[in-house]
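Structure at a glance
So you can see what is in the structure, the chains are spelled out below.
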Amino acid sequence: MQHQFLRGMVLGSILAVTPMAIAEAASLEAVRSTFSLAPLDQHHQGQITPGVTLNQRNWQLAEQVLPVEILRLLQAGDFTMTVQATTHLPVREAYVTATVANLPAVALDGGYKIHHYQGGRPFPVIDPNDPRAGEQVAWNFRYRDMPNTMEMRGTMQGVNNAGTINRSNIGRMRVRHGMDRVGQEANDTQWQARGIRIKASFESIAPSDQEGFMRIMTLYDDENVPYDDLSYSPQNRRTRKGYVNLMTRMGGGRYDVLSEEQPPFFFIGYLHEYNWAYKGEQVMLVPGFFQGNQLVFGGKNNWYPATPWELRRVVILEATPKGAHPYSKRTFYLDAQTYTPLCVLS
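Owing to the predicted nature of the structure, the values given are computational and were not obtained by experimental measurement. Residue numbers run consecutively from 1 along every chain, following the written order of its sequence. The predicted nature of this model means local features are confined to residues of pLDDT at least 70 and side-chain atom pairs, given and counted, to a pLDDT of 80 or more, with totals for whole chains, interfaces and linings taken over all residues. Here the side-chain values reflect all heavy atoms present in the structure, with hydrogen atoms and water set aside.

1. Description of the overall build of the protein
Numbering of helices and strands starts at the N terminus; helices are DSSP runs of H or I of at least 4 residues and strands are runs of E of at least 2. Along the protein, the regular secondary structure elements total 7 helices and 16 strands. The classification of residues rests on relative accessible area computed with a 1.4 Å probe and restricted to protein chains. Under 20% of the type maximum is buried, over 50% is exposed, and intermediate values are partly exposed. Residues classed as buried in the protein amount to 41% of the 346 residues present. Throughout, a residue-residue contact means that at least one pair of heavy atoms, one from each residue, lies within 4.5 Å. Within the protein, contacts between residues separated by at least 24 positions form 56% of all contacts whose residues are at least 6 apart in sequence.

2. Focus: the side chain of Thr87
Along the chain, the position of Thr87 falls in the loop between strand E2 (81–82) and helix H4 (93–102). Residue classification places Thr87 among the buried residues on the basis of a relative accessible area of 14%.

3. Things to note about the pattern of salt bridges
We define a salt bridge as a side-chain nitrogen of Lys or Arg found within 4 Å of a carboxyl oxygen belonging to Asp or Glu. Following the criterion strictly, the structure yields 16 salt bridges and no others. Among the salt bridges present, the one from Arg172 reaches Glu203, with a minimum N-O distance of 3.5 Å. Of the two residues, Arg172 sits in strand E6 (residues 165–177) while Glu203 sits in strand E7 (residues 196–206), which places them 31 residues apart along the sequence. Arg172 gets classed as partly exposed once you look at its relative accessible area, which sits at 21%. Among the salt bridges present, the one from Asp335 reaches Arg312, with a minimum N-O distance of 2.8 Å. Note that Asp335 is positioned in strand E15 (residues 330–335) and Arg312 in strand E14 (residues 309–321), a separation of 23 residues in sequence. Residue class for Asp335 comes out buried when judged on its relative accessible area of 1%. On the accessibility criterion, Arg312 (2% relative accessible area) is buried. Here the salt bridges share partners, and the residues they tie into one network are Arg92, Asp145, Arg181 and Glu185.

4. Structural notes on the side chain of Asn55
Within the secondary structure, Asn55 sits in the loop between strand E1 (53–54) and helix H3 (68–76). Aside from chain neighbours lying at most four places away, what touches Asn55 is Leu74 and Thr80.

5. A few points about the pairing of strand E5 (residues 149–159)
In this structure, E5 lies alongside E6, joined through 11 bridges in antiparallel fashion. Note that in E6 the partner of Met152 across the bridge is Met173. Here E5 folds back onto E6, and the loop between the two strands holds 5 residues, one of which, Gly163, carries a positive phi near 80 degrees. A pair of strands is considered paired only if DSSP assigns at least 2 bridges between the two.

6. As for H3
Turning to H3, its buried residues number three or more, namely Ile70, Leu71 and Leu74. For H3, the angular spread of buried residues about the axis comes to 100 degrees, placing them on one side. Along its buried surface, H3 packs onto E1, E2, E14 and strand E16 (341–345). The positive-phi residue at the C-terminal boundary of H3 is Gly77, with phi of around 85 degrees. The arc in question is the one traced by the directions running from the helix axis out to the C-beta atoms.

7. Some remarks on the nonpolar core
Residues enter a nonpolar core if they are buried and are Ala, Val, Leu, Ile, Met, Phe, Trp, Tyr or Cys, with the set joined through side-chain atoms within 4.5 Å. The biggest cluster of nonpolar side chains holds 27 residues, and the ones touching the most others in it are Leu54, Leu66, Ile70, Met81 and Leu285. Sorting the residues of this core by element identifies H3, strand E11 (274–287), E14 and E16 as the ones contributing at least two each. Among residues more than four places away in sequence, those in contact with Leu66 are Leu71, Leu74, Met81, Met284, Leu285 and Trp309. One finds Val106, Ile114, Tyr117 and Phe332 within the second-largest nonpolar core, a separate group that totals 24 residues.

8. Looking at the sheet that holds E11
Across the sheet, which stays open at both edges, the 4 strands sit in the order E11-E14-E15-E16 with antiparallel pairing between neighbours. With one partner strand each, in any of the chains shown, E11 and E16 form the two edges of the open sheet. The average angle at which neighbouring strand axes cross in this sheet is 20 degrees, direction not considered. Axes, fitted as lines to C-alpha atoms, cover a helix only where it is in contact. Angles between the N-to-C directions of the axes lie from 0 to 180 degrees. Against the sheet, helix H5 (residues 133–142) touches E11, E14, E15 and E16, its axis set at about 65 degrees to E11.

9. Section: the confidence of the model for the protein
Known as pLDDT, the predictor's per-residue confidence is scaled from 0 to 100. Counting all residues, the mean pLDDT for the protein is 85, and 86% of those residues have values of 70 or more. When pLDDT is averaged over each element of the protein, H5 comes out on top at 97 and helix H1 (residues 2–33) at the bottom at 51. Under a pLDDT of 50 for its full length, residues 1–23 has, in the predicted model, 0 contacts with residues more than four places off or in other chains.

10. Let's talk about the environment of Gln235
The topology assignment puts Gln235 in the loop between strand E9 (228–233) and strand E10 (238–243). Given a relative accessible area of 68%, Gln235 falls into the exposed group. What qualifies as a polar contact is a pair of N or O atoms within 3.5 Å, subject to a donor-acceptor requirement within protein and to the restriction that residues adjacent in sequence count only when both atoms come from side chains. A polar contact of 3.4 Å, which involves the side chain of Gln235, links it to the backbone oxygen of Asp209.

Right under this line is the structure:
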């Protein structure tokens, strides 16, 4: 009788635990699947295959997979686009592992930060019926997989209606992350204690009258803490400290929106200053991952980068400012595999 009772207890435990274990395994599989490269079926691909060039004569092929703003330019003949194969660019396994480990604890707060985040993608599975789904996507965008440190040299050029470069600036940017690192990357203990997420510096190299000018920004994990801004001028050898106001006006009445959109972040504004709307996922034709040493421009007035385009599944996110802003709305097309911003329309 005792053996039968024990067997019944064990069998009952197995029956009770198994559905929970299956559900948990299915949940983890759903999380991991969000990092996979989604296969493209024939319905999405159609005649848009690698090597095809889209232009003013055959723009109809891309009518279902291009934002209307870009489709109009293609239809008008402003530029052409060559299609390449969909690039497989997986995030690091350490990032995926951190996502799975931290999934149960991560939660939104009032819009200024997220609770219990320690690395990985905060909200890997998005419920379109969740009223705060857009906010979750925005935090995924902010905390996408990024290297611990990076350095880039960039050239910004102004091109007039004749296609001639009339101004050019060259600069060097350095970025370092200090919190929520994954794998073998270590958090900076001093930065972590102060809640410093990122420090980024920009140094002007050319033209000569701007050489040596530097700007250093400190971005905090909690948006209740305003970003810090240090500027150094070699002309008077002085350093000035201020707080970043991304909406301050520049000369001529222009807004300093470039500060909010500069690479490699493509959005470093305050998330709480916007209403975020998740518009779903869709296979779109977007600028592909460029594999080369020198970016070439062409099309009308040499305004368009001659990068290859590719079909990818993207997450569509709309940002509407809560206050005064030169843009009434911005739409981000984020790569569903990596959350890399592939296209931003304002």
